[in-house]
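As a plain string of letters, each chain reads:
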Amino acid sequence: MKKLPILALILYLLGAASALALKVRDLNVAPYRDYLLLYAYLEDFPQEDFREATRHGLGLSFTFHIEIYRIRRFLRDEKIFDQEITRVVYYDPVKNIYYVQTVGAPEAPRRAPSFRQALWLAANLEGIPLMPLVRLQPKTRYRLKLKAEVRKIARVGWPKKIIRFLLFKGESLESSWTSLVFSL
């Protein structure tokens, strides 16, 4: 009889932890010209908490971990592709505009007039070229795995570290691995 309240508490805590997890939706790949393109988007993240974080000078970092494995029948699957895509969202209070920068990309940061649009730009992977199709063999099965992580990042300085410590609990959220089996 004493085990029942403990079990209920554990189930409640697991439910609360899963409520704050990110979810990857509509994971898909498609060949286009000479490249394999990735399509996916994130949902179920606390927008109000993120809005307050960016308004107080903290940036948001969206990191997508992408892996592709060649499925083999009797051997361990072979990893043929491993990449991270990181997008950073930050706010300019003087211009009252949000910026979304893909780390390592040669293009300038994209501007977003609203916080909702900035989150949409950072959380969506639409037509991201992954790898050339010549690296994939026809009629071979592959597994694509995707995991997302969102972090609040602070610029160096004691006032912002104090604000981060006092106002924002839980600096990162992550999704579980989502996988997709495909072939050409």
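What counts, and at which threshold
Residues numbered from 1 in each chain as written. Predicted model: local features only at pLDDT ≥ 70, side-chain atom pairs only at ≥ 80, totals over all residues. Heavy atoms only, no water. Helix = DSSP H or I, 4+ residues; strand = E, 2+ residues; numbered from the N terminus. Contact = heavy atoms within 4.5 Å. Salt bridge = Lys/Arg side-chain N within 4 Å of Asp/Glu carboxyl O. Buried < 20%, exposed > 50% of the residue type's maximum accessible area, 1.4 Å probe, protein only.

Notes on the side chain of Thr-63
Part 1 of the argument: Here Thr-63 shows up in strand β3 (residues 59–70).
Part 2 of the argument: Once residues within four sequence positions are removed from consideration, Thr-63 is found in contact with Glu-84, Ile-85, Thr-86, Lys-147, Ala-148 and Glu-149.

Some points on the pattern of salt bridges
Part 1 of the argument: This model, assessed by the stated rule, comprises nine salt bridges.
Part 2 of the argument: With a shortest N-O distance of 3.0 Å, Arg-70 and Glu-78 are connected by a salt bridge.
Part 3 of the argument: When its relative accessible area of 28% is taken as the criterion, Glu-78 is described as partly exposed.
Part 4 of the argument: Between Lys-147 and Glu-174 there is a salt bridge, with its nearest N and O atoms 3.5 Å apart. Taken together, the positions of Lys-147 in strand β8 (residues 141–153) and Glu-174 in strand β9 (residues 172–174) put the pair 27 residues apart, joining distant regions of the chain.
Part 5 of the argument: Among the charged side chains, a network of salt bridges with common partners joins Glu-67, Lys-79 and Asp-82.

Scope: geometric values only; no functional claims are made or implied.
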